[in-house]
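Overview (structure and organization)
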Amino acid sequence: MGSGDVSGHRFDDEDYPAYSMGRAAEMLGVTPAFLRNLGTAKLIEPQRSEGGHRRYSRYQLRLAARARELVDQGTALEAACRIIILEDQLAEALRINAELQRSRDRQ
């Protein structure tokens, strides 16, 4: 990959841990404690930098934003996390089902 070539690079990677806890909290309008609580509830597991600091991906920030939305609507944090996990599992199952259906239709 040349120095000017960034296609397929980390900029496009939804799972690349690009955001520090402080930046993630600022972007979402939450406290760092809220993000730590999402980790405790097993919704998101941030990666760690070499220095041990939490780092979040865009995908994790979307999950955290959804959690904040549910909590702001009055849902308990643990229940919000469970809802999001189930929504994510359903979306993945539907994606796999659609992929299998397309494969079967081609045969």
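Residues numbered from 1 in each chain as written. Predicted model: local features only at pLDDT ≥ 70, side-chain atom pairs only at ≥ 80, totals over all residues. Heavy atoms only, no water.

For the rest of this paragraph, the subject is the environment of arginine 62. Among the structural elements, arginine 62 can be located in helix 3 (residues 58-72). For the pair arginine 62 and leucine 28, spaced 34 residues apart in the sequence, the C-alpha separation amounts to 9.1 Å. A polar side-chain atom of arginine 62 sits 2.5 Å from a polar atom in the side chain of glutamate 14. (Helix = DSSP H or I, 4+ residues; strand = E, 2+ residues; numbered from the N terminus. Polar contact = N/O pair within 3.5 Å; in protein donor to acceptor, adjacent residues only side chain to side chain.)

This part takes up the pattern of salt bridges. One pass over the structure, following the stated rule, counts eight salt bridges. In this structure, the salt-bridge partner of glutamate 14 is arginine 62, at a minimum N-O distance of 2.5 Å. In this pair, glutamate 14 sits in the segment before strand 1 (19-20) while arginine 62 sits in helix 3, placing the two residues 48 residues apart along the sequence. What makes glutamate 14 partly exposed here is its relative accessible area of 29%. Glutamate 26 is the salt-bridge partner of arginine 23, the closest N and O atoms lying 2.9 Å from each other. One end of the pair, arginine 23, and the other, glutamate 26, are both in helix 1 (residues 21-28), three residues apart, so they sit about a helical turn from each other. Residue classification places glutamate 26 among the exposed positions, given a relative accessible area of 57%. Put simply, Glu14, Arg58 and Arg62 are held in one network by salt bridges that share partners. (Salt bridge = Lys/Arg side-chain N within 4 Å of Asp/Glu carboxyl O. Buried < 20%, exposed > 50% of the residue type's maximum accessible area, 1.4 Å probe, protein only.)

Moving on to the confidence of the model for the protein chain. The predicted coordinates of low-pLDDT regions are not to be read in fine detail. Per-residue pLDDT for the protein chain has a mean of 90; in total, 90% of the residues score no lower than 70. Low confidence marks residues 1-7, where pLDDT is under 50. Its contacts with residues over four positions away, or in another chain, come to four contacts. (pLDDT = per-residue confidence, 0-100. Contact = heavy atoms within 4.5 Å.)

With that settled, consider the sheet that holds strand 1. Strand order in this open sheet of three strands is 1-3-2, and the pairing throughout is antiparallel. At either end of the open sheet lies a strand with only one pairing partner, and these are strand 1 and strand 2 (47-48). Bridge analysis of strand 2 against strand 3 (residues 54-56) gives two bridges, and the strand direction is antiparallel. Bridge pairing in strand 3 links glutamine 47 to arginine 55. Contacting strand 1 and strand 3, helix 3 crosses the sheet at an angle of about 85 degrees to strand 3. (Pairing = 2+ DSSP bridges. Axes fitted to C-alpha atoms, helices over the stretch in contact; angles between N-to-C directions.)

With that settled, consider the packing of helix 1 against helix 2 (residues 32-40). Interhelical geometry of helix 1 versus helix 2 gives an angle of 105 degrees and a closest axis separation of 9 Å. Taken together, the axes of helix 1 and helix 2 lie roughly perpendicular to each other. Packed against helix 1, whose contacting residues are Met21, Ala24, Ala25 and Leu28, the element helix 2 presents Pro32, Leu35 and Arg36 at the interface. For the contact of helix 1 with helix 2, the per-class residue count stands at six nonpolar, no polar and one charged. (Parallel < 35°, antiparallel > 145°, perpendicular 65-115°, else oblique. Nonpolar A, V, L, I, M, F, W, Y, C, P; charged D, E, K, R; others polar.)

Phi at lysine 42 takes a positive value of approximately 70 degrees, unusual for a residue other than glycine. Its place among the elements puts lysine 42 in the loop between helix 2 and strand 2.

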